[in-house]
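Tertiary structure, described
In case you want the letters, here they are:
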Amino acid sequence: MVNKKNIEMIQQQLDGQTIIAATKYVEADDIKTLVELGVRDIGENRVSAFLAKYELLHDLDIVWHFIGQLQSKKVKKVIDKIDVLHSLDRLSLADEIEKRRKLPLKCLLEVNISSEVSKSGLKPEEVLPFYEKIATYDKIQIVGLMGMARLTDDEALIRNEFMTLVRLRDELRNLDANISWLSMGMSNDYQIAIDCGATHLRLGSILFQEEDHGTVF
Ligand SMILES: *Cc1c(COP(=O)(O)O)cnc(C)c1O
């Protein structure tokens, strides 16, 4: 269920950022409600779920973001349906996109800013060399960086990880002025992300939490 109150609350906190709804928790009907509420940027992280929802909703005015890991062998299933890919993190994936996409695809390089082994993404020190390798690819238009801070209550740590992404983005922007997006901040840390300069927030649970009707005695 879409939590309209939370969406309105977050919309009031925005300072130019775009909300991307991470819709893995919900079905197509809830996405329709989001669009009616002005949230038109939709992010899916699994190919099968994306295809099912796209099939039902592709007539709506939606910007489709793919925010999860994408296996190279599944690229052909989604490549001409998505508008933005947030998880470009290896050369084999870039090669597959270059081979299959018709028009240039907006891509963000995913960076493992929390240095957790369980997380995907390039290591910070790999970002620049990777960018240099794919900078000439015609079908890949690098627009920014994506990252996920670790799940912790330690605000300073989260801030520090987001600032790693900011610095890397600034370095790349010196080479290519089109590299401006910072896709960072989720339900538990989006306010810190706004503070650090995020341009795109990927929000899931907070948009769909049950509305709080207060305590009933
Ligand atoms: C689910 C998901 C989010 C949103 O997470 P919440 O904590 O529910 O806001 C953001 N990014 C990615 C890649 C996700 O898979």
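Now for a look at the structure at hand. (Residues numbered from 1 in each chain as written. Predicted model: local features only at pLDDT ≥ 70, side-chain atom pairs only at ≥ 80, totals over all residues. Heavy atoms only, no water.)

**Here we look at the overall build of the protein**
The number of helices and strands found in the protein is 9 helices and 8 strands. Referenced to the eigenvectors of the C-alpha coordinate spread, the extents of the protein come out at roughly 60 × 40 × 30 Å. Of the contacts formed within the protein by residues at least 6 apart in sequence, a portion of 55% connects residues at least 24 apart. Entry remark: accessible area of the protein is about 11200 Å², with carbon and sulfur atoms responsible for 47%. Of the side chains in the protein, 28 bear a positive and 35 a negative charge, and the two mean positions are spaced by 6 Å. (Helix = DSSP H or I, 4+ residues; strand = E, 2+ residues; numbered from the N terminus. Contact = heavy atoms within 4.5 Å. Areas by Shrake-Rupley, 256 points an atom, 1.4 Å probe, with all protein chains shown as cover. Lys, Arg positive; Asp, Glu negative; His and termini not counted. Charge placed at Lys NZ, Arg CZ, Asp CG, Glu CD.)

**Focus: the packing of helix α2 (residues 28–36) against helix α3 (residues 47–57)**
It is the contact of α2 with α3, at a shortest axis distance of 10 Å, that shows an interaxial angle of 60 degrees. Overall, the two elements α2 and α3 adopt an arrangement that is oblique. Between α2 and α3 lies a crossing of right-handed hand. Residue-level inspection shows A28, I31 and K32 of α2 in contact with α3, the latter providing K53, L56 and L57. (Axes fitted to C-alpha atoms, helices over the stretch in contact; angles between N-to-C directions. Parallel < 35°, antiparallel > 145°, perpendicular 65-115°, else oblique. Left-handed = near helix turned anticlockwise from the far one by under 90°.)

**Brief notes about the packing of aromatic side chains**
Evaluation of the coordinates by the stated rule reveals 4 aromatic pairs. Here the aromatic rings of F50 and F66 are separated by 6.4 Å at their centres, their planes lie at 85 degrees, and the arrangement is edge-to-face. Of this pair, F50 sits in helix α3 while F66 sits in strand β3 (residues 63–66); the two residues are 16 residues apart in sequence, bridging distant segments of the chain. Like F66, F50 is buried. An aromatic cluster is built from F50, Y54, W64 and F66, whose rings are joined through pairwise contacts. (Phe/Tyr/Trp six-rings, centres within 6.5 Å; stacked < 30°, edge-to-face > 60°. Buried < 20%, exposed > 50% of the residue type's maximum accessible area, 1.4 Å probe, protein only.)

**A short note on the side chain of E110**
Take E110: it is sitting in strand β5 (residues 105–111). In terms of polar contacts, E110 uses its side chain to reach the side chain of S120, at 3.3 Å. (Polar contact = N/O pair within 3.5 Å; in protein donor to acceptor, adjacent residues only side chain to side chain.)

**Let's talk about the side chain of D41**
Mapped onto the elements, D41 comes out in strand β2 (residues 41–44). Among the polar contacts listed, one links the side chain of D41 to the side chain of H65, at a separation of 2.7 Å. Apart from the residues within four sequence positions on either side, D41 is in contact with T18, I19, I20, A21, V63 and H65.

**Section: the pairing of strand β8 (residues 200–203)**
Side chains H200 and R202 project from β8 onto one buried face, and the interleaved L201 and L203 project onto a second face that is buried too. Pairing between strand β1 (residues 18–22) and β8: 4 bridges, direction parallel. Along β8, the bridge assignment pairs I20 with R202. (Pairing = 2+ DSSP bridges.)

**Points about the nonpolar core**
Core analysis: the biggest nonpolar cluster contains 64 residues, and L85, L88 and L109 have the highest contact counts within it. Top contributing element to this core by residue count: helix α7 (residues 155–175), with 6 residues. Setting aside anything within four residues of it in sequence, one finds L85 in contact with F66, L70, L93, I97, L105, K106, C107 and L108. (Core = buried A, V, L, I, M, F, W, Y, C linked by side-chain atoms within 4.5 Å.)

**Quick notes on a positive patch on the surface**
On the surface, K73, K76, K77 and K99 cluster together to form a positively charged patch. Tracing the sequence through the fold places K76 in helix α4 (residues 75–78). (Patch = residues over 30% accessible without salt bridge, like charges linked within 9 Å, V, L, I, M, F, W, Y side chains within 5 Å. Salt bridge = Lys/Arg side-chain N within 4 Å of Asp/Glu carboxyl O.)

**Re the site of the ligand**
Close to the ligand lie A22, K24, Y25, N45, I67, M148, M186, S187, R202, L203, G204 and S205, which account for all nearby residues. The side chain of R202 places a nitrogen or oxygen atom 2.9 Å from a nitrogen atom of the ligand. The separation between an oxygen atom of the ligand and a polar main-chain atom of S205 is 2.8 Å. Here the ligand has 380 Å² of accessible area as a free molecule, and 89% of this is covered by the chains. (Near = heavy atom within 4 Å.)

**Considering the environment of Y54**
By the element assignment, Y54 lies in helix α3. Judged by its relative accessible area of 18%, Y54 falls in the buried class. In sequence terms Y54 and K81 are 27 residues apart; their C-alpha atoms lie 8.1 Å from each other. Look past the residues within four positions of Y54 in its chain and what remains in contact with it is W64 and K81.

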